[in-house]
Amino acid sequence: MSKDVSSPGAGLHRETLAVRLAVERSQYGENSEALYLTSGYVQPSAEASARRFAGEEDGYTYGRSGNPTVTSFEQRLAAMEGAEACMATASGMAAVMLMCFSLLKAGDHVIISQSMFGSTLKLIGSEFGRFGVETSVVPQTDLAAWRAAIRPTTRLLFAETPTNPLGEVCDIQALAEMAHNANALLAVDNCFATPALQRPIALGADIVMHSGTKYLDGQGRVMAGALCASEAMVREKFLPVQKNSGMVLSPFNAWVVLKGLETLDLRMRAQSAQTLTLAQWLESHPAVGRVYYPGLPSHPQHELAMRQMGGIGGAVLSFDVKADNPEQARRRAFHVLDALRVLSLCTNLGDTKTLCTHPASTSHGKLSEAQRQAAGIGQGLIRVAVGLEHLDDIRADLDRGFSSL
Ligand SMILES: *Cc1c(COP(=O)(O)O)cnc(C)c1O
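Residues numbered from 1 in each chain as written. Predicted model: local features only at pLDDT ≥ 70, side-chain atom pairs only at ≥ 80, totals over all residues. Heavy atoms only, no water.

1. Quick word on the overall build of the chain
This is how it is decided: Comment: elements are numbered from the N terminus, with helices defined as DSSP H or I runs of at least four residues and strands as E runs of at least two. For the radius of gyration, the atom set is restricted to C-alpha positions; the globular benchmark scales as 2.2 Å times the number of residues to the power 0.38. Throughout, exposure labels follow a simple rule: accessible area from a 1.4 Å probe, protein chains only, divided by the maximum for the residue type, with under 20% read as buried, over 50% as exposed, and the rest as partly exposed. By definition, residues are in contact when any of their heavy atoms lie within 4.5 Å. Each accessible area is a Shrake-Rupley estimate made with a 1.4 Å probe; only the visible protein chains count as cover when residues are assessed. His is not counted here, nor are the chain ends, while Lys and Arg score as positive and Asp and Glu score as negative. For this purpose, a charge sits on NZ of Lys, CZ of Arg, CG of Asp or CD of Glu.
Within the chain, the secondary structure is distributed over 15 helices and 12 strands. Its C-alpha radius of gyration of 22 Å places the chain within 12% of the 22 Å reference for a compact globule of 405 residues. Projected onto its principal axes, the C-alpha positions of the chain cover 75 × 50 × 35 Å. Out of the 405 residues in the chain, the part that is buried amounts to 54%. If you take every contact in the chain between residues at least 6 apart in sequence, the share linking residues at least 24 apart comes to 73%. Carbon and sulfur atoms make up 53% of the accessible area of the chain, which totals about 17,100 Å². One way to put it: in the chain the 36 positive side-chain charges average out to a point 3 Å from where the 40 negative ones average out.

The structure is reproduced here in structure tokens:
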């Protein structure tokens, strides 16, 4: 939880805040933000300690309720998202957990898209289902289906855009209006676009959820997560649950992600530019069927994506390797992946290293073939989270597999 969220950096640009916003320097004048590895804090007096524990005075008391390095990360991310406040969590899934724990009770109803991150679907649909939270799962891009799913008990609409691995986009502004007309909240998983490309709060969303593990770190080093929202929601809803449940971000991980935020804008722009060129190349490649990338005019929500994401499609694309049947498609996709020498076969994204995955046998491996078909995840589908290698090397690495099919 951020201390004095109101003040630091008021009036400065987002780019400046991404590099500068943090808690005050220590007495040593360090230029790079300090890493405070401590679980406890020495109190200035018994009276001050009492006031801090009573919530009457800002000040750190114990690692589960706050840490200055974590505060720096929270302040910086909140500023980048255009949110009043932020609460960091141990991972992206811990952020989803904290949000649901803080806002929902038995009998409440949530609407999520069928294309959401697999663990999000399971956590909300199955685990929270055990405690009486009801969930409707709707098609990502079908606004009428979202609207039709609303009930008097609907508390939360939770959208992820663009989605993994097909880059399906939903209209944040329309969903926000829909949620607010129903007295519900809209939360957006902004993992794929990041605040460099898309700022859901400005479009009406109430909560932005992050997996800091991905682009915020940006170099595949640590797990992290966050919720950005109003000061009141963070202070009154998230903080009490976080203090008692302990899904806190470690100071070390916070420091790594804090430094990652400094280059987020540059990385997202550079990696997205490479992704667009790679997508265009793949679209004209004879070994490739369909290419899924919001930055391509062939993408069904291209216009919406460009409007919502500042004209940039992000750094993840997927494509189908051409084949006559699912078995051959799987064999061919595996061949292309096994022929890689530079790019990594790695189920993650948001790294400076290009990562390739086969969704049908990994992230979507537990679905039945029928569910996979419904989700549009074919056996020939390969996802590429494009990094910062030279584009010629990325193309050559993929082409090694294509040309030997
Ligand atoms: C990775 C991911 C998550 C989960 O984040 P973790 O940090 O792995 O817990 C949630 N949503 C999306 C879109 C992701 O890619």
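Once you've had a look at it, read on.
2. Here we look at the packing of aromatic side chains
Rules: Pairing of aromatic rings covers Phe, Tyr and the six-membered ring of Trp, with a centre-to-centre limit of 6.5 Å; geometry is then stacked below 30 degrees between planes, edge-to-face above 60, and tilted otherwise.
Counted by the stated rule, this structure contains 4 aromatic pairs. Between the aromatic rings of W281 and F402, the centroid separation amounts to 6.2 Å while the plane-to-plane angle is 40 degrees, which identifies the pairing as tilted. Of the two residues, W281 sits in helix α11 (residues 264-283) while F402 sits in helix α15 (residues 391-402), which places them 121 residues apart along the sequence. Among the residues examined, F402 registers a relative accessible area of 5% and is labelled buried.

3. Here we look at the site of the ligand
For clarity, the threshold we go by: Put simply, a residue is near a molecule or strand once any heavy atom of it comes within 4 Å of that molecule or strand. Residues adjacent in sequence count toward polar contacts only when both atoms are side-chain atoms; beyond that, a polar contact is any pair of N or O atoms within 3.5 Å, and within protein one must be able to donate a hydrogen and the other to accept it. Residue classes follow a fixed rule: Ala, Val, Leu, Ile, Met, Phe, Trp, Tyr, Cys and Pro count as nonpolar, while Asp, Glu, Lys and Arg count as charged, and any other residue, Gly among them, counts as polar.
The full set close to the ligand counts 14 residues, and G92, D189, S211, T213 and K214 are the nearest of them. A distance of 2.8 Å separates an oxygen atom of the ligand from a polar atom in the side chain of S211. At 2.6 Å, a side-chain N or O of T213 approaches an oxygen atom of the ligand. If the ligand stood free it would expose 380 Å²; the protein chains cover 93% of that surface. Elements with a contribution of two residues or more to the shell around the ligand: α4 (92-103) and β6 (207-211). Partitioned by chemical class, the residues of the shell around the ligand number 7 nonpolar, 4 polar and 3 charged.

4. Things to note about the domain arrangement of the chain
Selection rule: Each domain span listed reflects an automatic or database assignment of domains. Two parts placed together each lose some accessible area under a 1.4 Å probe, and adding up what both lose gives the buried area.
Along its sequence, the chain is organised into domain 1 (14-261) and domain 2 (265-403). Between domain 1 and domain 2, the residue contacts involve 31 residues of the former and 34 residues of the latter. Regarding the contact of domain 1 and domain 2, the summed buried area is about 2,600 Å², with carbon and sulfur atoms giving 57% of it. If you sort the residues of domain 1 by the area they bury against domain 2, L166, L197 and Y215 come out on top, with a joint share of 30%.

5. Re the sheet that holds strand β9 (residues 316-321)
Applied cut-off: DSSP bridges decide pairing: two strands pair if at least two such bridges lie between them.
Taken in spatial order, the 5 strands make up an open sheet running β8-β9-β12-β11-β10, and their pairing is mixed. Two strands lie at the open edges of the sheet, namely β8 (288-292) and β10 (344-345), each paired on one side alone.

6. Here we look at the packing of α4 against helix α9 (residues 231-245)
In plain terms, the rule: All axes are obtained by fitting lines to C-alpha atoms, using only the stretch in contact for helices, and the reported angles, taken between N-to-C directions, cover 0 to 180 degrees. An angle below 35 degrees is treated as roughly parallel, one above 145 as roughly antiparallel, one from 65 to 115 as roughly perpendicular, and anything else as oblique.
Contact pair α4 / α9: the axes reach a minimum separation of 9 Å and the direction vectors enclose 105 degrees. Here α4 lies roughly perpendicular to α9, going by the angle between them. Contacts between α4 and α9 involve L98, M99, F101, S102 and L103 on the former and, on the latter, M233, K237, F238, V241 and Q242. Classifying every residue of the contact of α4 with α9 by side-chain character gives 7 nonpolar, 2 polar and 1 charged.

7. Thoughts on unusual backbone geometry
Note that the residue after T161, namely P162, is joined by a cis bond; omega there is -10 degrees. Within the secondary structure, P162 sits in the loop between β4 (154-160) and α7 (172-181). Even without being a glycine, N183 presents a positive backbone phi close to 60 degrees.

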